[in-house]
Amino acid sequence: MAEAADFQGMGHSPARRWLRRTASVLAGAPLLAGLLAGIAAPTAHAAPTATGSRTVHVSLDTLAPSAPVKGDTLTVSGTVTNEGKSTITDAQVDLRVGPRMYGRTAIDDAAERTSTSGDVAPIGGKYKVTIPKLAVGIPQDFALSVPVSKLGLGQDGVYQLGVSLTGQTSSAQYDHVLGIQRTFLPWQPDATEEKTQLSVLWPLISSTRLSAETGSDDQQTPVFENDDLAEELAPGGRLEQLVSLGNQLPVTWVIDPDLLATADAMTKNYQVRSGDTTVPGKNQAVATKWLNALEKAVQGRKVVALPFADPDLASLAHRGKDVSGALSHLQPATDVAGKTVETILHVKPSVDFAWPVDGAIDPSIVDVATSAGAHKIITRSDSLQDNLPYTPTAARPIGGGTTAVVADTRLSTAFQGDMSEAGASTLAVQKFLAQSLAVTLQDPENQRSIVVAPQRMPSAAQAQSMARALRGLDPERWTESSDLITAASATPDSDATTKVPGSSRYPKQLRDQELSTEVFLDIRTTQERLDNFQAILSAPDRVAAPFGNAIGRAMSTSWRGEPEEAQQYRGTVEDYLVGLTTEVKLIPKSVLTLSGRSATIPVTVQNQLLQGVQNLVLRLKSDNPTRLKLDGDRAVAERPIKIDGGHSQSVKFTGAGNANGPVQVTAQLYTVDGTPYGSPMTFQVKVSEITPTVMLVIAGGVLLLVLAGVKMYSQRKRAVARKAAAEDAEDTDGGEGSADGTGADGNAQDTQSTDGARAAEDTDPGQPSDPTPDTGPESADASGAGEKVDR
């Protein structure tokens, strides 16, 4: 941001600005002259020669109060560490108060300065700490307490404060500065008439933890990729600290509803992946306690809900918008966001805001954000830059009914470094307070509304530093708290820019971290597979929500800079979905032989899911309909499919062969809209056609078999008859000989007559008293006298 006239009192008219600038220069001239004189003249209070000023590391661990008022005593404590090669002797820790700084750019320059050239003399006197010897590598604590009246503070504003260590070394046996640490001291003892309205966003966003997998029970027990979220929710964890600190601060809560849904899932039974299996989660109490604390903290406060899973708007705009269906996920993500927050926290959030990564925007990002239903876009002043001598109000219209809410870059990035060390945190807090005061002093008669949008996922240490800074503003001497909704509706500054920067100005570093086009192609493939799968289920809701949310998580902003982890997550979702879809499949068949003109062709469909499937069609196709036709006279036949969970269904088709030979048949499942489901199954049918000639040959063969059977039967019967007749004759002859012992010829005559009568009875089928069938036409025995035989 250009700040050509970044001074206190720069007003609206050029003449007024010129007069105020002149007055400021004249007022500062005596102080500047005195400073220069102090540097040039070797008086007792002159600053020592600046040599080896980085030999000692000076850390400012505490500075209290952060923004003192009249009558306060300023206390500064910290450590000094000799990082040189020899012991320092006659060391002394002093406090130095520099001149009042004009403008925000001066604060930036002072923070980056490393040279001791131009530093003012220390306060001296009793306000110092003497260290006779400072050994190498051993930190030495110090504490300085100085009444504010001794600091020489004059006009309201920001003063540079330095803590230095002077001493002697073996190579330089004279007093000189060996280390110095500079910070800032905001001096505004009395409240200003027009305070800056300050809106601070307090983000509750985390990484993706939930998978698409759920249990088969009625509650659909969720499966977590890991249990790391418990560490953030536990006492002292990052998210626990954000809730605990935010509960005491005037902030606007900005929440990813996916985090709430994930924490809510943890309050019940849940599973955690462990290698190839899952184990029960054990942090229900931690999640419950955190959600209860959050619900209490947000009551009566302003809450903004981001689209579910915090989709990466810039990646969608630059890499995903040309992939069909990619943008279709945004509006549902916005719709479910409000419902999720309201259901879990019992507050109605605003869902009208979009927050691109680091507030960087271009026209395509704005278009994507508005397509999700947002009309307010949180950006940053390093993206939507102004060429003004002051920091304008955050809200400004950018066309199409859309408002850009421009967060202040300096204030928003003040706590992005490592805040785990007390010294770093103290410097960040003091610089934040100094910049906020400088904003007010730029144009004290013009009240403005400023927004602070910090990093998306601040660490616990960063959150603690932010809280310290905001508590330093509690007296509201130059700022007053506001909220994001109010800031977005503030009257825009007519001189502030409303032109969205072109895509060429989008930061390369951010562009390099974007999700690739391949990511959105993978997401589209998964979505298409999910759509087909849902279409056949009797209870599609059981997969719609888990997989729909997982697909949304796959395009989350949290994957920036982690392409491998993002790919692994998408692969897990896709593999699990493929595994479910293949539970409904065709059972492979071996070669099938079709003999005759028609026969049944069975195909088995198996459903190993726990719920039923429907709205499926099984199509059977003959690759050679001239040789094999299906269901009468067709090349393709189909049957509707409906199978309960855990069951199989055998589907029968009619096949008609017209010519001998093998035919390849393809079976394929389809959804009712004609989309193929699963992989096709092919098998071979061997057709053996039976012609009329073959039928005659077969008929003749059958007839011969029948005749042969009849012949065999007749022969067997005649043999039985002959045997019976022979036995009767033997009985008759033997009986007569035994009775009278005479006349063999007479006996023969009687026997012949008896046998003739019996033969006549046996060969006459017309006699009703005949108990046995006829002898058969093939009998070769001679007929008796008077015997009637039917041929």
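Residues numbered from 1 in each chain as written. Predicted model: local features only at pLDDT ≥ 70, side-chain atom pairs only at ≥ 80, totals over all residues. Heavy atoms only, no water.

A. Main features of the pattern of salt bridges. Per the counting criterion, the structure on display carries 21 salt bridges. A salt bridge links Asp108 to Arg410, with the nearest nitrogen and oxygen atoms 2.7 Å apart. Here Asp108 is found in helix α2 (residues 104-112), whereas its partner Arg410 is found in helix α10 (residues 409-412), with 302 residues between them in sequence. Close ionic contact of Arg560 with Asp312 constitutes a salt bridge, the shortest N to O distance being 2.7 Å. Linking Arg560 in the loop between α16 (541-553) and α17 (563-581) with Asp312 in the loop between β14 (303-305) and α7 (313-320), this pair joins segments that are 248 residues apart in sequence. Residue classification places Arg560 among the buried residues on the basis of a relative accessible area of 11%. For Asp312, a relative accessible area of 0% gives the class buried. Shared partners join several salt bridges into a network, and the residues in it are Asp312, Arg319, Glu514 and Arg560. (Salt bridge = Lys/Arg side-chain N within 4 Å of Asp/Glu carboxyl O. Helix = DSSP H or I, 4+ residues; strand = E, 2+ residues; numbered from the N terminus. Buried < 20%, exposed > 50% of the residue type's maximum accessible area, 1.4 Å probe, protein only.)

B. Representation of the packing of aromatic side chains in the model. Tallied over the entire structure, the rule returns four aromatic pairs. Centroid distance Phe224 to Tyr270: 4.9 Å. Interplanar angle 55°. Geometry classified as tilted. With a gap of 46 residues between them, Phe224 in strand β10 (residues 222-224) and Tyr270 in the loop between α5 (257-266) and β12 (271-274) connect regions that are remote in the sequence. Phe224 sits in the buried class, given a relative accessible area of 0%. Using a relative accessible area of 1% as the deciding quantity, one classes Tyr270 as buried. (Phe/Tyr/Trp six-rings, centres within 6.5 Å; stacked < 30°, edge-to-face > 60°.)

C. Spotlight on the packing of α16 against α17. Running from N to C, α16 and α17 cross one another at 155°; their axes reach a closest spacing of 10 Å. By the angle between their directions, the pair α16 and α17 is classed as roughly antiparallel. Of the two elements, α16 crosses α17, and the hand of that crossing is left-handed. For the pair formed by α16 and α17, the contact residues are Phe547, Ala550 and Arg553 on the first element and Tyr569, Val573, Tyr576, Leu577 and Leu580 on the second. Its residues placed into classes, the contact of α16 with α17 shows seven nonpolar, no polar and one charged. (Axes fitted to C-alpha atoms, helices over the stretch in contact; angles between N-to-C directions. Parallel < 35°, antiparallel > 145°, perpendicular 65-115°, else oblique. Left-handed = near helix turned anticlockwise from the far one by under 90°. Contact = heavy atoms within 4.5 Å. Nonpolar A, V, L, I, M, F, W, Y, C, P; charged D, E, K, R; others polar.)

D. Summary view of the confidence of the model for the chain. Summary statistics for the chain give a mean pLDDT of 85 and a share of 83% for residues scoring 70 or more. Low pLDDT (under 50) marks residues 1-51, which in the prediction has 81 contacts with non-local residues, meaning those over four places away or in another chain. The model gives residues 734-791 a pLDDT under 50, and that stretch makes 36 contacts with residues more than four places away or in other chains. (pLDDT = per-residue confidence, 0-100.)

E. Inspection of the sheet that holds strand β28 (residues 661-671) at higher detail. Pairing is mixed across the open sheet formed by five strands, whose spatial order is β22-β29-β28-β24-β26. Since the sheet does not close on itself, it has two edges, and those belong to β22 (592-595) and β26 (636-643), each with one partner. In this sheet, neighbouring strand axes are inclined to one another by 30° on average, regardless of whether the strands run parallel or antiparallel. Pairing of β28 with strand β29 (residues 676-688) involves nine bridges; the strand directions are antiparallel. Paired with Leu669 across the bridge in β29 is Tyr677. (Pairing = 2+ DSSP bridges.)

F. How the structure looks around the nonpolar core. Phe533, Val603, Leu618, Leu620 and Leu669 are the most contacted members of the largest nonpolar core, which has 73 residues in total. A per-element tally of this core places helix α15 (residues 517-536) first, with six residues. Leave out the neighbours within four places in its chain, and Leu618 touches Leu586, Val603, Val605, Ala637, Glu638, Arg639, Ile641, Val651, Phe653, Ala667, Gln668 and Leu669. One finds Val200, Leu210, Leu233 and Ala461 within the second-largest nonpolar core, a separate group that totals 66 residues. (Core = buried A, V, L, I, M, F, W, Y, C linked by side-chain atoms within 4.5 Å.)

G. Up close: the environment of Val665. Note on placement: Val665 falls in strand β28. Taking the relative accessible area as the measure of exposure, Val665 reaches 0% and is therefore buried. Taking the C-alpha atoms as reference, Val665 lies 5.9 Å from Asp623; in sequence the two are 42 residues apart. Excluding residues within four positions of it along the chain, Val665 makes contact with Leu620, Lys621, Leu628, Met681, Thr682, Phe683 and Val685.

H. Highlighting unusual backbone geometry. Look at the link from Ala64 to Pro65: it is a cis peptide, with omega at -5°. With respect to the helices and strands, Pro65 occurs in the loop between β1 (56-64) and β2 (73-82). Of note, the phi angle at Gln220 is positive, near 50°, even though the residue is not glycine. Of note, His346 is a non-glycine position whose phi angle comes to about 60°, a positive value. Inspection of the secondary structure puts His346 in the loop between α8 (330-345) and β15 (353-354).

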